[in-house]
Amino acid sequence: TATSVAITNPLDTLRIRWQIATKENAGKRIYNFGTRIIQKEGLFKGLWFPGCLAHMGAVSISSGIRLGFYPTIRDLIAEDE
């Protein structure tokens, strides 16, 4: 759900930024890398906001489609039995 995206987005953003960083910038530990980002850019601007709206939108659309099609698929399966 969008709530879980809002809570976990900083970790996802940190993972992606660490994966694409150069070896010199990334360092050996993701904790140190995250600490540097928070010191330079701040928690919200550096880790929370990037990609949050797009990720929430994708999850919301996915959940909406799944919940929207559930009754139709349930009824089709029930007819076959």
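Residues numbered from 1 in each chain as written. Predicted model: local features only at pLDDT ≥ 70, side-chain atom pairs only at ≥ 80, totals over all residues. Heavy atoms only, no water.

Here's the deal with the overall build of the protein chain
- Tallying secondary structure elements over the protein chain gives five helices and zero strands in all.
- Counting from the amino terminus, the protein chain carries its helices and strands in the arrangement α-α-α-α-α.
- Here the C-alpha atoms of the protein chain give a radius of gyration of 19 Å, more than 25% beyond the 12 Å that 2.2 N^0.38 yields for 81 residues.
- Principal axes of the C-alpha set define a box for the protein chain whose edges measure 60 × 20 × 15 Å.
- Across the 81 residues that make up the protein chain, the buried fraction comes to 17%.
- With the model as given, the accessible surface of the protein chain reaches about 6,400 Å², and the carbon-plus-sulfur share is 65%.
- Between the centroid of the 10 positive side chains of the protein chain and the centroid of its 7 negative side chains there is a distance of 23 Å. (Helix = DSSP H or I, 4+ residues; strand = E, 2+ residues; numbered from the N terminus. Rg over C-alpha atoms; globule rule 2.2 N^0.38 Å. Buried < 20%, exposed > 50% of the residue type's maximum accessible area, 1.4 Å probe, protein only. Areas by Shrake-Rupley, 256 points an atom, 1.4 Å probe, with all protein chains shown as cover. Lys, Arg positive; Asp, Glu negative; His and termini not counted. Charge placed at Lys NZ, Arg CZ, Asp CG, Glu CD.)

Remarks on the side chain of N9
- As for its position among the elements, N9 is in helix α1 (residues 2-20).
- On the basis of relative accessibility, which here comes to 3%, the residue N9 falls in the buried class.
- One polar contact links the side chain of N9 to the main-chain carbonyl oxygen of W48, over a distance of 2.6 Å.
- When sequence neighbours within four positions are dropped, the list of residues in contact with N9 reads L47, W48, P50, G51, C52 and H55. (Polar contact = N/O pair within 3.5 Å; in protein donor to acceptor, adjacent residues only side chain to side chain. Contact = heavy atoms within 4.5 Å.)

Describing the packing of aromatic side chains
- Tallied over the full model, the rule gives two aromatic pairs.
- Note on F44 and F49: the rings are 6.0 Å apart at their centroids and 35 degrees apart in plane angle, and the pair reads as tilted.
- According to the relative accessible area criterion, F44 is partly exposed, its value standing at 47%.
- The exposure class of F49 is exposed, given its relative accessible area of 58%.
- Grouped by ring-pair contacts, the aromatic residues F44, W48 and F49 constitute a single cluster. (Phe/Tyr/Trp six-rings, centres within 6.5 Å; stacked < 30°, edge-to-face > 60°.)

Quick notes on the environment of L43
- Among the secondary structure elements, L43 is positioned in helix α4 (residues 43-48).
- On the accessibility criterion, L43 (33% relative accessible area) is partly exposed.
- Sequence-wise, L43 and P10 are 33 residues apart; in three dimensions their C-alpha atoms are separated by 8.1 Å.
- Setting aside chain neighbours within four positions, we find L43 in contact with I38 and W48.

Thoughts on the pattern of salt bridges
- Going through the model one piece at a time under the given rule, you end up with three salt bridges.
- Measuring nitrogen to oxygen at the nearest pair gives 2.5 Å for the salt bridge that ties R15 to D12. On the criterion of helical spacing, the pair formed by R15 and D12 is a turn pair, its members being three residues apart in helix α1.
- Exposure remark for R15: the relative accessible area of 37% places this residue in the partly exposed category.
- Given the relative accessible area of 23%, D12 is considered partly exposed.
- Ionic pairing is found between E41 and R17, a salt bridge with its closest N-O pair at 2.8 Å. In this pair, E41 sits in helix α3 (residues 30-41) while R17 sits in helix α1, placing the two residues 24 residues apart along the sequence.
- Judged by relative accessible area, which is 35%, E41 ranks as partly exposed. (Salt bridge = Lys/Arg side-chain N within 4 Å of Asp/Glu carboxyl O.)

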